[in-house]
Amino acid sequence: MPKNKGKGGKNRKRGKNEADDEKRELVFKEDGQEYAQVLRMLGNGRCEAMCIDATKRLCHIRGKMHKKVWIAAGDIILVGLRDYQDDKADVILKYMPDEARLLKAYGELPENIRLNEGIAGGLDDEDDNGIDDYIEFEDEDIDKI
C-alpha cells in the first residue's frame, strides 16, 4: 500500500472550533455595501438574498467564509455590491442574531424586517387571530370512519 504523504485528513481540514467571533465589533455598511436577508440557499457557494434597497440579488459566498461560516435562510448578511452587475453581490459578513438585533435597534435595518425566524417572510403568528389549528371530532364522526 502507498504511504500517506499528506499532512492529515478530514479532521485536520475541519480545524479547531475557534470561537474567535465572540463579542466582535459590530461592522456597519460602507458605500458599495448593503444589508440583506437570505431568502434561500442555492448550493455551490451561492444564495439568493433580498437586499434592504428592495432588490433581490444572487449572492456569492466568498472563499474565506465558504465551509467555515454557515449561512441559512433568514440570516442577515452584509453584501458587497458589484459595479458591473446590479443583480449579483458578494457576501462579506454574516451577522450573529444578537448583532442583527443591535442593527435593528440602531435603525440600520428597517422595522418590517423579521429577524428571528428560519425562513424570511414566513407565516405570522398573529395572522390566525386566536383560531386553533386542530380539528375536534365527535364520537359520531369516528364511528362513520
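Preceding block: the structure.
All of these numbers come straight from a predicted model, not from anything done at the bench.

### Details of helix H2 (residues 97-105)
In step 1: Along H2, the positions that sit buried rather than exposed are Glu 99, Ala 100 and Leu 103. An end-on view of H2 places all buried positions within 100° of arc, on one side of the element. Facing away from the buried side of H2 by over 90 degrees, the exposed positions are Pro 97, Arg 101 and Ala 105.
In step 2: Check the buried side of H2 and you find it contacts strand S1 (33-43), strand S4 (76-81) and strand S5 (88-94).
In step 3: One or two steps after H2, the chain reaches Gly 107, where phi turns positive at roughly 85°.

### Quick look at the pattern of salt bridges
In step 1: Scanning all chains against the criterion turns up eight salt bridges.
In step 2: Across the salt bridge formed by Asp 86 and Arg 57, the nearest N and O atoms sit 3.1 Å from each other. Of this pair, Asp 86 sits in the loop between S4 and S5 while Arg 57 sits in strand S3 (residues 56-61); the two residues are 29 residues apart in sequence, bridging distant segments of the chain.
In step 3: Here Asp 75 and Lys 94 are joined by a salt bridge, their closest N and O atoms 3.6 Å apart. Remark: Lys 94 occurs in strand S5 and Asp 75 occurs in the loop between S3 and S4; sequence separation between them is 19 residues.
In step 4: Among the ionic contacts, a cluster of salt bridges with common partners joins Arg 40, Glu 48 and Lys 56.

### Here we look at the pairing of S3
In step 1: Here S3 shows a buried face lined by Arg 57, Cys 59 and Ile 61 and an unburied face lined by Lys 56, Leu 58 and His 60.
In step 2: Note that strand S2 (residues 46-51) and S3 share five bridges and pair antiparallel. Counted as the bridge partner of Glu 48 is Leu 58 from S3.
In step 3: Here S2 folds back onto S3, and the loop between the two strands holds four residues, one of which, Ala 54, carries a positive phi near 65°.
In step 4: Both S3 and S5 contribute to a ladder of four bridges, which runs parallel. In the sheet register, Ile 61 faces S5, and the bridge partner there is Val 91.

### Digging into the sheet that holds S4
In step 1: In space, the five strands of this closed barrel follow the order S1-S2-S3-S5-S4, with mixed pairing throughout. Pairs of neighbouring strands in the sheet enclose a mean axial angle of 50°, with direction left out of account.

Calculation rules
Residues numbered from 1 in each chain as written. Predicted model: local features only at pLDDT ≥ 70, side-chain atom pairs only at ≥ 80, totals over all residues. Heavy atoms only, no water. Buried < 20%, exposed > 50% of the residue type's maximum accessible area, 1.4 Å probe, protein only. Helix = DSSP H or I, 4+ residues; strand = E, 2+ residues; numbered from the N terminus. Arc of directions from axis to C-beta. Contact = heavy atoms within 4.5 Å. Salt bridge = Lys/Arg side-chain N within 4 Å of Asp/Glu carboxyl O. Pairing = 2+ DSSP bridges. Axes fitted to C-alpha atoms, helices over the stretch in contact; angles between N-to-C directions.

Remember, this is a structural readout, not a statement about activity or role.
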